[in-house]
Amino acid sequence: MCGIVGYIGKREIKSFLIEGLKELEYRGYDSAGIAIIENESMHVFKAVGKIKNLEEKAKDFKTKEFGIGIGHTRWATHGKPTELNAHPHLGEFSYVVHNGIIENYKELKKELENKGYKFISQTDTETIVHLFEENFKHKKDPFKAFKDTISKLKGAYAILLISKASPNTIFFAKNGSPLIIGKNSKNEIFFASSDAPLIGYADEVSYLDDGVFGYADKEKIKAFKDSQEINLEFKPLTMEKEFAQKGGFRFFMEKEIYEQSRVVSETIMGRAIDGKIVFEELEKNFFEGIENIKICACGTSYHAGLSSSYLFERISKIPTSVEIASEFRYKKPLLNKNTLFIVISQSGETADTLEALKMAKNAGLKTLAICNVDNSSIVRIADKTILTRAGIEKGVASTKAFATQMMVLWMLSLYLAQIKGFDISKEIDVLLKVPKVLIVENSLHEKIKRLSKRYLHGHGFFYIGRDIFYPLALEGALKLKEISYLHAEGYPAGEMKHGPIALADPELFTIALMPKNLLYDKIKSNVEELSARDSTILAISPIEFEIADDFIKIKEQNHYMLEYFEMMLIIQLLAMEIAIRLGNDVDMPRNLAKSVTVE
Ligand code: G6P
């Protein structure tokens, strides 16, 4: 995800901004930029790739006096990682940096273009700076112009804007994307999207709430919410950088699990509008002539693919097959041009998936990548890409990437159903509830922490589920294997009696995924069979289950996909808590790599 820094004061501003951006590198980015106003003159530097490229471009520039500056690392979501798309974005006399997604940027852009504004980037962000300047023309007051601008924006944002119209001021706004203001006794003011760049500079910080906007200059910080002025609450700043990068969580994996609610909102943003699914990245005729789908992926991405095959068949009524990329490559597959070939990859660099994609392309198939990293090898080769918008994922065990892949795939299945003229409005209503389901409640996490102590031994785990909960069971078992090093398998619940049930005894742990809205009675009987053979059962369900040894109750929902996402959260937390108790490095498990670029 993108990162933001800002500064007001007498320090050498370029160095502060660049060092600050380096502290945000862990969030992932593909371009970076800074803009500074000193003595009413504006200076801007942008570069694609690493921050050292930006440093090189700005090497001969230094500030000498009081000034203000803003900086940004960009993780591409609208438009390729190019210098023109890098922030800060320029109007005629103002610059803006922004994290998040402006959902209604297209309408705003059209209005502004009609008024004669020229856009030079493909980003949603550029709209903000032109809108500000348009408002300034009428209001003549920069803060009023900024306030009007913010009131027009829909979506998620953390914004810093500077303008020659008020050369000592930074305007700020926060909604849905993090933004922090820091200050110290030397009258310096700092902005950042996480603590890390502020450590060693600010004495105290205020974590802005959603809906807060305002401005700061060398004398004051003024903040508002719902047009009322508010007092910001400042707290002393923690001094540990690594702790700050992890946002106070013990592991990146934990932070990423907690981020799922927010990143899934970003995945949806601008794509579910007025009861319709919209994928700007796909032309309408892209699916013409497509009669079936083949999906190829590895690891967790394969599990997302397998899960989605149930949705493509059930919702879009398109026959769908799924293959592990390393298997697909060498089986001399028969490929037909009426097949849409979908690859799924967090990194976009997985060697087997990449090769499978090349094979499909060479065979003349239409190809579509579901990927988290723009400009990655897979994105460059696929005909079309839908970006998942999870932001960088640091934990080797994939969590938020999986959640966003599932959301994109579900939306894609709805999109295809929509093309066929099916009514999908009810499904969209459900889909919009997912971010809420993904909020980690303290009571749930505490319960899983407590339960985890009972699952540190045994001769194996069986995660079982039916239908789409079967691939989720595979994913649960994979999570546990990856970080706890315990043996775990995912299995279709109905298949246990054809062999694996022979293993059942009290030391065999069954993790049963028992949704109320899909085949409850079927899975219930399967679990009863295991219980009768003395397997220890941990049931995850909204319906109390008497014979379970342990029980995690999920919320009552009226759609199995909401149960799917809540159970996903639970199996991730369970694997993590077991691994932590076993003393393992959850973020860097032994023998595994985050991006597997070899066969
Ligand atoms: C590695 C990672 C897994 C990931 C798999 C596929 O094995 O450790 O977490 O699921 O690669 O990676 P991709 O980037 O293609 O999704």
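What comes next is a walk through the structure. All residue numbers here refer to positions counted from 1 along the written sequence of the relevant chain. Given that the model is predicted, a residue must reach a pLDDT of at least 70 before its local features are reported, and side-chain atom pairs must reach 80 or more before they are shown or counted; all residues, however, enter totals for whole chains, interfaces and linings. In computing side-chain properties, one takes all heavy atoms of the structure into account and sets aside hydrogens as well as water.

## Examining the sheet that holds strand β27 (residues 550-553)
- Pairing between strands is defined by DSSP: at least two bridges between them are needed. Secondary structure elements are defined from DSSP: runs of H or I of at least 4 residues count as helices, runs of E of at least 2 residues count as strands, and each element is numbered from the N terminus. Spatial ordering of the open sheet is given by β24-β23-β25-β26-β27, a layout of 5 strands whose pairing is parallel. For this open sheet the edge positions go to β24 (488-492) and β27, each flanked by a neighbour on one side alone. If you compare each strand with its neighbour and ignore which way they point, the axes differ by 20° on average.
- Two elements, strand β26 (residues 536-541) and β27, share 4 bridges in a ladder whose sense is parallel. Paired with S541 across the two strands is K553, which belongs to β27.
- Taken strand by strand, helix α16 (residues 469-484) contacts β23 (460-465), β24 and β25 (508-513), and its axis lies near 175° from that of β24.
- We call two residues in contact when some of their heavy atoms are within 4.5 Å. For helices, the fitted axis covers only the stretch in contact; all axes are lines through C-alpha atoms, and the angles between them, taken along N-to-C directions, range from 0 to 180 degrees. Each of β23, β25, β26 and β27 touches helix α18 (residues 560-581); the most contacted strand, β26, lies at about 140° to it.

## Examining the sheet that holds strand β12 (residues 212-216)
- Spatial strand order, β5-β6-β7-β8-β12-β13-β14: 7 strands in an open sheet with antiparallel pairing. Strands at the two margins of the open sheet, each flanked by one partner only, are β5 (89-90) and β14 (228-230).
- Pairing geometry for strand β8 (residues 170-175) and β12, over 5 bridges, is antiparallel. Within the sheet, the bridge partner assigned to I170 lies in β12 and is A216.

## Some points on the site of the ligand
- Here a residue counts as near a molecule or strand whenever at least one of its heavy atoms sits within 4 Å of it. Close to the ligand lie 14 residues, the nearest being S301, S345, Q346, S347 and T350.
- Take S345: an N or O atom from its side chain is 2.6 Å from an oxygen atom of the ligand.
- S347 places a polar side-chain atom, nitrogen or oxygen, 2.6 Å from an oxygen atom of the ligand.
- For the ligand, whose accessible area on its own is 390 Å², the fraction buried by protein is 90%.
- With 3 residues, helix α8 (residues 299-314) is the largest single contributor of residues to the shell around the ligand.
- Think of it as three bins: nonpolar holds Ala, Val, Leu, Ile, Met, Phe, Trp, Tyr, Cys and Pro, charged holds Asp, Glu, Lys and Arg, and polar takes everything else, Gly as well. Of the residues assigned to the shell around the ligand, the class counts are 4 nonpolar, 8 polar and 2 charged. We call two N or O atoms a polar contact when they sit within 3.5 Å, provided that within protein one can donate a hydrogen and the other can accept it, with sequence-adjacent residues counted only if both atoms are side-chain atoms. Note on areas: Shrake-Rupley, 1.4 Å probe, and residue coverage restricted to the protein chains presented here.

## Some points on the packing of helix α7 (residues 252-268) against helix α12 (residues 400-419)
- Put simply, α7 and α12 touch, their axes get as near as 8 Å, and they point 25° apart. Between α7 and α12, the angle is such that the two are roughly parallel. The crossing of α7 and α12 is right-handed. Residues E256, E259, Q260, V263, V264, T267 and I268 of α7 form the contact with α12, whose participating residues are K400, A403, T404, M407, V408 and M411.
- Residues belonging to the contact of α7 with α12 are distributed by class as follows: 7 nonpolar, 3 polar and 3 charged. Should an angle lie under 35 degrees it is considered roughly parallel, over 145 roughly antiparallel, and from 65 to 115 roughly perpendicular; all remaining angles are considered oblique. The sense of a crossing depends on the near helix, which, turned anticlockwise from the far helix by less than a right angle, makes the crossing left-handed and, turned clockwise, makes it right-handed.

## Observations regarding the pairing of β24
- One ladder, built from 5 bridges, connects β23 with β24; its direction is parallel. Along β24, the bridge assignment pairs Y463 with G490.
- Between the parallel elements β23 and β24, the chain passes through α16 in a crossover that is right-handed. Looking down the strands as they point away from you, a crossover is right-handed if its path from the first strand over the helix to the second goes clockwise.

## Points about the environment of D423
- Locating D423 in the fold gives a position in the loop between α12 and α13 (425-431).
- Taking the C-alpha atoms as reference, D423 lies 35 Å from I511; in sequence the two are 88 residues apart.
- At 2.8 Å, the side chain of D423 and the side chain of S425 are in polar contact.

## As for helix α5 (residues 142-152)
- Each residue is assigned to one of three classes by its accessible area relative to the maximum for its type, calculated with a 1.4 Å probe on protein chains only: buried under 20%, partly exposed between the two thresholds, exposed over 50%. Along α5, the positions that sit buried rather than exposed are P142, F143, A145, F146, T149 and I150. Along the axis of α5, the buried residues cluster in a sector spanning 160°; they form a single face.
- In the core, the buried residues of α5 are packed alongside α4 (126-139), β7 (155-163), β8, β12 and β13 (221-225).
- Its side-chain oxygen 2.9 Å from the backbone nitrogen of F143, D141 forms the N-cap of α5. Directions drawn from the helix axis to the C-beta atoms are what define this arc.

## Digging into unusual backbone geometry
- Looking along the chain, the bond that leaves H87 and enters P88 is cis, with omega of -5°.
- If you trace the backbone, P88 turns up in the loop between β4 (67-74) and β5.
- Within the chain, K332 stands out as a residue other than glycine whose phi angle is a positive 50°.
- Take K332: it is sitting in the loop between α9 (325-328) and β20 (339-345).
- With relative accessibility at 74%, the residue K332 sits in the exposed group.
- A positive phi angle is found at D467, which is not glycine, with a value near 55°.
- The class of D467 is buried, set by a relative accessible area of 17%.

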